[in-house]
Structures are given as C-alpha cells and as structure tokens.
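Residue-level listing of the chains:
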Amino acid sequence: MLGVAVVGTGRMGADHVRRIDEVISGARVAAVADIDADRAKHLADGIDGATAYTDPAAAMDDPAVDAVLIASPGPAHEAALLDAFARDLPVLCEKPLTPDAASALRVLEAEQKLGHRRVQVGFMRRYDAGYRTLKALLDQGTYGRPLMLHNKHRNADTPPGFTNAMMINDSVVHEIDVTRWLLDDEITAVRVLRPAPSGNAPDGLGDPQLILFETAGGQVVDTELFVNCGFGYQVSCEAVCESGSARIGDDHGVFVNSAGRWGGSITPGFVERFEDAYDRQVQRWVDATRRGEVEGPSCWDGYAAAAVCEAGVLAQATGERVAVELIERPALYC
Ligand SMILES: NC(=O)c1ccc[n+]([C@@H]2O[C@H](COP(=O)([O-])OP(=O)(O)OC[C@H]3O[C@@H](n4cnc5c(N)ncnc54)[C@H](O)[C@@H]3O)[C@@H](O)[C@H]2O)c1
Ligand SMILES: O[C@H]1[C@H](O)[C@@H](O)[C@H](O)[C@@H](O)[C@H]1O
C-alpha cells in the first residue's frame, strides 16, 4: 500500500483524498498538509490512519509517507516539489507545474540533479476517454495529417479574484497541454483576440477570449475560452485533418424527447466532466509508482506549458503575436 501525503486540502485536494480513500486501489492517505490547520484536521479526522500537518515538509517526513500529491495553489508548487525532491519522493503535482517559466525551469533543473524523473503533472485530460480516442486516431493517421485543432473551453462561472492572467495560466493551460500532446509538437507562438466582454463577466475580466497557437510543424490551433458562460461546463476539441475531422467532448449524457421538445443536459463543472479522467490519472500514478516507474506528463511538459502561458499572458496584454522561447529539451525528457 502506497502511503500518500496530500498537500493542499481545498477543492481538488479534498477530492483527491476522497478518491484515494474510496475509489482507487493500492494507496492510502497517510498524511494531509494545509496551511489552514482546521481544514487539514477536519479532513484527516475522517480518514483512518491519516495525520494532519500545517507544514508540507513535515508531512513528507512522516514515516508512513511514500509519495506526495500536491494540490496547493500553483505559486506554492515549487517549494513543495523541491521538498519532495530533497526526500526523493515520487510526486503527482496538480497543474500548473509552477505559474511561470523561470520557476518551472528551476524545478526541471532540480529534477535533473536527482538524475531520474520523479514527477507526473496533473494534466488530467490526457486520461479522459474522449481525448485518448482522439489521440489514438491522430497517431494512427487515419484521416491524414492534422492541420488544425478547434477547442472550446467554457466554464459556468469563475471563483472570486479570477484574473485575465488566470484565464491563460489556469484554464488555457489545459489546451496548451492537449495541443502539444495530440500533435506531438511544440507551440511556437501565441495570439489572443479579445471580443467586447460579456455583460456577465466580472469587472475587468475580458471574457470571452479567442486564443491562437502556431506549432513548429505549421499547424494552427484556436481555443474559444468563455469562463462565465453561465450555462454549464463544456470542453471539446475537433481535429481537422487532411481527409477527415474528428471531434470529442460533445457529451450531453442522456438525450430526451418529451413534450414536443428534444434535448439533454450540460455537465455543471470540471469535477463531473473529468471525474473518470481524475480517477484514471491518480490510479495510473499509484500503479506506476508502486512499480518504481514514472509516466505521464513530465516536468518538461509542465515547463513548456508554463513558457507558452507566459507568452499567452503577454499576447493577451499587448494584442501582439508573441513567440515562445524554450530551452533545448534535456536528455532526461527525450
Ligand atoms: N486539474 C484540474 O482540472 C484542476 C481543477 C481545479 C484546480 N486545479 C489545480 O489544483 C490546485 C488547487 O486548486 P483548488 O481549486 O483545490 O484550490 P483551493 O483554493 O480550493 O485549495 C487550495 C488549498 O491549499 C492550501 N494552501 C495554500 N497554500 C499552501 C501551502 N503553501 N501549503 C499547503 N497548503 C496550502 C489552502 O489553504 C487551500 O486549502 C491548483 O494548482 C489548481 O490549478 C486543477
Ligand atoms: O482551474 C480550473 C481547472 O483547471 C479546470 O479544469 C478548468 O476548466 C478551469 O477553467 C480552471 O479554472
């Protein structure tokens, strides 16, 4: 049984604790850590054998801990990752790896000093059944070479304090990762178009936005991001290839005909839409860790996403096309 310390016990952390405790096999929650002592204690009290800490490093020193799941806010990830590296513990780190390229690079360098990969980054869409089917189709080349991706990313609303930069760093970061993964290529430039904001967007938030990526291989990818659409959560992706197109994410559950109308329902939020993907992501991490292996999105993927986000935030602020600068990919990630 893998003893996991969960760092950060807010919305995602608490959900991962429930997942490890009730859904997946081969692991147990040995410790939880949160700077909010009451929150950590409340969660630990409900789990047999789990100890609550306020200091993530102290939780990692708990003798029952073999691995760490980081679900604190992005700016706290670097410190927790370095603490885990100091103890050579395997890590599942929620996205983003870190919020900017410089800190992601420090993490990348620290992991290389260990000499082996330790981190799986929580880009859970790679574990979603729809995205996996699309990836397999593109890899098989069934419809020829992919030319464009059309993404849609809609949230019903945003939490208080959600900023324009977070629209890129917290939301579009997922499209950045699936673009790189589906097309197996790097993003080289970003542009952001900003239509007149919706009257439902909080003050100062330019919502919706249209984000354009160019890839090294010459593909163009667009993402409609609309994070206060009001009607539910929708994530879809259409790959347009040389001799066909394939779209995933139009899952509206049960389709009903009644009283002269037809229709279905829209998933309310990401927790419901990606429930299976989160479960599969954590199970795969536990299984690989117990085999002594590391798989899935790496620190390189986290760094590349952070670099594209940084370019995206600049493109958003200036209206310019911004090129993405990446270091050469280190051998550990080739
Ligand atoms: N994969 C996804 O779909 C998805 C969805 C939502 C959030 N996330 C990511 O999960 C992470 C957490 O997001 P959330 O929505 O659960 O946030 P949240 O605000 O609900 O919870 C964060 C928790 O971390 C605690 N915390 C803050 N600083 C800490 C520190 N230094 N050490 C330990 N604990 C600390 C807070 O007290 C809080 O309890 C973020 O990285 C976020 O981007 C991922
Ligand atoms: O942090 C969340 C989360 O990552 C969701 O998966 C995404 O759809 C939201 O837009 C974002 O705010």
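Within any chain, residue numbers begin from 1 and follow the written order of that chain's sequence. The naming scheme follows written order: chains are lettered A onward, ligands numbered 1 onward. It should be noted that, the model being predicted, local features are given only for residues of pLDDT at least 70 and side-chain atom pairs only at 80 or more, the latter also being counted only at that level, while totals for whole chains, interfaces and linings use all residues.

Engineer: Sorry, what's going on with the sheet that holds strand 12 (residues 244-248) here?
Structural biologist: Within a sheet, each strand pairs with its neighbour through backbone hydrogen bonds, oriented either parallel or antiparallel. Any two strands are treated as partners once DSSP identifies two or more bridges connecting them. In DSSP terms, a helix is any run of H or I states spanning at least four residues, a strand is any run of E spanning at least two, and both are numbered starting from the N terminus. An order of 12-11-7-10-9-8-15 is seen for the seven strands of this open sheet, with the pairing classed as mixed. Two strands lie at the open edges of the sheet, namely strand 12 and strand 15 (322-323), each paired on one side alone. In terms of strand pairing, strand 8 (residues 187-193) meets strand 15 through two bridges, oriented antiparallel. Bridging from a neighbouring strand, A189 pairs with A323 of strand 15. Each of strand 7 (146-154), strand 11 (234-241) and strand 12 touches helix 6 (residues 129-140); the most contacted strand, strand 12, lies at about 160 degrees to it. Each residue is represented by a C-beta atom placed from its backbone, and any two residues with such atoms within 7 Å are regarded as in contact. In this description, a line fitted to the C-alpha atoms serves as the axis of each element, helices being fitted only across the stretch in contact, and the angle between N-to-C directions of two axes falls anywhere from 0 to 180 degrees.

Engineer: Please explain the site of ligand 2 as it appears in this structure.
Structural biologist: For ligand 2, the full set of nearby residues is N155, D170, S171, H174, V227 and F270. For the shell around ligand 2, the per-class residue count stands at two nonpolar, three polar and one charged. Placing a C-beta atom from the backbone of each residue, we mark the residue near a molecule or strand if the atom is within 6 Å of it. The residue classification treats Ala, Val, Leu, Ile, Met, Phe, Trp, Tyr, Cys and Pro as nonpolar and Asp, Glu, Lys and Arg as charged. All others, Gly included, are polar.

Engineer: Help me out: how do you make sense of the packing of helix 7 (residues 164-183) against helix 10 (residues 299-318) in this one?
Structural biologist: Relative placement of two packed helices is described by the angle separating their axes and the distance separating the axes. Where helix 7 meets helix 10, the axes come as close as 9 Å, and the angle between the chain directions of the two elements is 130 degrees. Taken together, helix 7 and helix 10 sit at an angle that is classed as oblique. For the crossing formed where helix 7 meets helix 10, the hand is right-handed. In contact with N164, A165, I168, N169, V172, V173, I176, D177 and R180 of helix 7, helix 10 contributes D301, A304, A305, V308, C309, G312, V313 and Q316. Angles are sorted into four bins: roughly parallel if under 35 degrees, roughly antiparallel if over 145, roughly perpendicular if 65 to 115, and oblique for all others. Here a crossing is taken to be left-handed if its near helix is turned anticlockwise relative to the far helix by less than a right angle, and right-handed if that turn runs clockwise.

Engineer: What am I meant to see in the UniProt feature "domain: Gfo/Idh/MocA-like oxidoreductase N-terminal" (unreviewed entry) in the protein here?
Structural biologist: Sequence positions flagged by UniProt for "domain: Gfo/Idh/MocA-like oxidoreductase N-terminal" (unreviewed entry) are, in local numbering, residues 3-123. The straight-line gap between the two end C-alpha atoms of residues 3-123 is 22 Å; of that span, 43% is helix and 22% is strand. UniProt positions are given in the numbering used here, feature names are shortened, and annotations may be inferred rather than shown by experiment.

Engineer: I would appreciate a short explanation of the packing of helix 1 (residues 11-23) against helix 9 (residues 275-290) in the present structure.
Structural biologist: The contact between helix 1 and helix 9 brings their axes to 11 Å, and the two run at 70 degrees. Between helix 1 and helix 9, the angle falls in the class roughly perpendicular. Residues H16, R19, I20 and V23 of helix 1 form the contact with helix 9, whose participating residues are Y278, D279 and V282. Residue composition of the contact of helix 1 with helix 9, grouped by class: four nonpolar, one polar and two charged.

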